[in-house]
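Structural overview
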Amino acid sequence: MPAFSALDGTELAFHVIGEGEPLLCLPGGPMRASAYLGDLGGLSAHRQLVLLDLRGTGDSGTPADPAGYRCDRQVADVEALRRHLGRDRIDVLAHSAAGDLALLYAAQYPEHIRTLTLVASRARALGLDYTHEHRMEAAALRAAEPWFDSAHQAYQAIWAGTATDAEWDAGAPFFYGRWDTTAQAHAASEVEQTNEEAAEIYAASGAFDPAATRSALAFLSAPVLVLAGELDGGPRPHVAAATAQLLPGAELCVQAGGGHYPWLDDPVQFARTVGSFLDRSVPPAHRVSSSSCRQGRSPGSAQSSDNC
């Protein structure tokens, strides 16, 4: 499998799916191996997906100094991969906790970002986060689900910080728009794919300076898509909207029926939405036909997709 060396000598692996213009994909978790992204609901038909295994996850090596797991210190890994790919400007997609990594990268290397796609992304780097109330608000939307009664107490325990392993398993349906066999298999792989030690360090004290990051991104010229799931508790769509408001000209898309992994809930719609956004930003020779979202305007500067 392809690999490259980080600045500190850590050997990092990445996986390639599809052909065409590369889309550098950063996995969340935090610190979950990129395998859980799959082909992002068929997005590989639009782009060549370059899936990075963050240090200490998947097929990548572990750093000599565990402090290297901190989010801001992994910005150099993203830049090293861009250089390895030989691209002056790169399209970046980040999911969940990797939203922070992508935002820090864009703040430090804006000249190397061609487009930025944030999928169900966290934005602690901007001083935004989701709360227990947000989680419970999203959970209430699922009250009619057949699994709700058995899962709700476990989900509350998760966000109260008291959950057992069994309760983490029981609360998993809330992370998915559809709790079908695909979602169940996806959820079952999380523990073995996640570096728990690294996850504890990822957002450690000092990782984020929201004021500095907001200032750096205030003049970002690259197109940005902020995609949230309608049913997701982290972030709720209104938190995703707040993220979009802080990024010049960002488009906000709320995927109907989507949870925290929207490419599993509606693969066709997810790939169409992200593919359309990317196609508008690449040379015509590399474009793959896709349907566009109908665009509207939300209050403020961020654009909103009404039919994502």
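Here is a short report on the structure shown in this document. No experiment lies behind these values; they were computed from the predicted model shown. (Residues numbered from 1 in each chain as written. Predicted model: local features only at pLDDT ≥ 70, side-chain atom pairs only at ≥ 80, totals over all residues. Heavy atoms only, no water.)

**Re the packing of helix α3 (residues 132–140) against helix α4 (residues 148–160)**
Put simply, α3 and α4 touch, their axes get as near as 10 Å, and they point 170° apart. It follows that α3 is roughly antiparallel to α4 by the angle criterion. Across the interface between the two elements, H132, R135, M136 and A139 of α3 pack against F148, H152, Y155, Q156, W159 and A160 of α4. Looking at side-chain class alone, the contact of α3 with α4 contains six nonpolar, three polar and one charged residues. (Axes fitted to C-alpha atoms, helices over the stretch in contact; angles between N-to-C directions. Helix = DSSP H or I, 4+ residues; strand = E, 2+ residues; numbered from the N terminus. Parallel < 35°, antiparallel > 145°, perpendicular 65-115°, else oblique. Contact = heavy atoms within 4.5 Å. Nonpolar A, V, L, I, M, F, W, Y, C, P; charged D, E, K, R; others polar.)

**Re the nonpolar core**
Counting residues in each nonpolar core, the largest one holds 52 residues, and the members touching the most others are L26, L101, L103, L116, L118 and L217. With eight residues, helix α2 (residues 98–108) is the largest single contributor of residues to this core. If sequence neighbours within four positions are ignored, L217 has contacts with L103, A106, A107, L126, L246, L247 and P248. Formed by 33 residues, the second largest nonpolar core is a distinct cluster that contains L51, A120, Y176 and A183. (Core = buried A, V, L, I, M, F, W, Y, C linked by side-chain atoms within 4.5 Å. Buried < 20%, exposed > 50% of the residue type's maximum accessible area, 1.4 Å probe, protein only.)

**Here we look at the environment of A198**
The topology assignment puts A198 in helix α8 (residues 196–202). On the basis of relative accessibility, which here comes to 0%, the residue A198 falls in the buried class. C-alpha of A198 to C-alpha of L217: the two residues are 19 residues apart in sequence and 27 Å apart in space. Excluding its chain neighbours within four sequence positions, the residues that come into contact with A198 are M31 and Y69.

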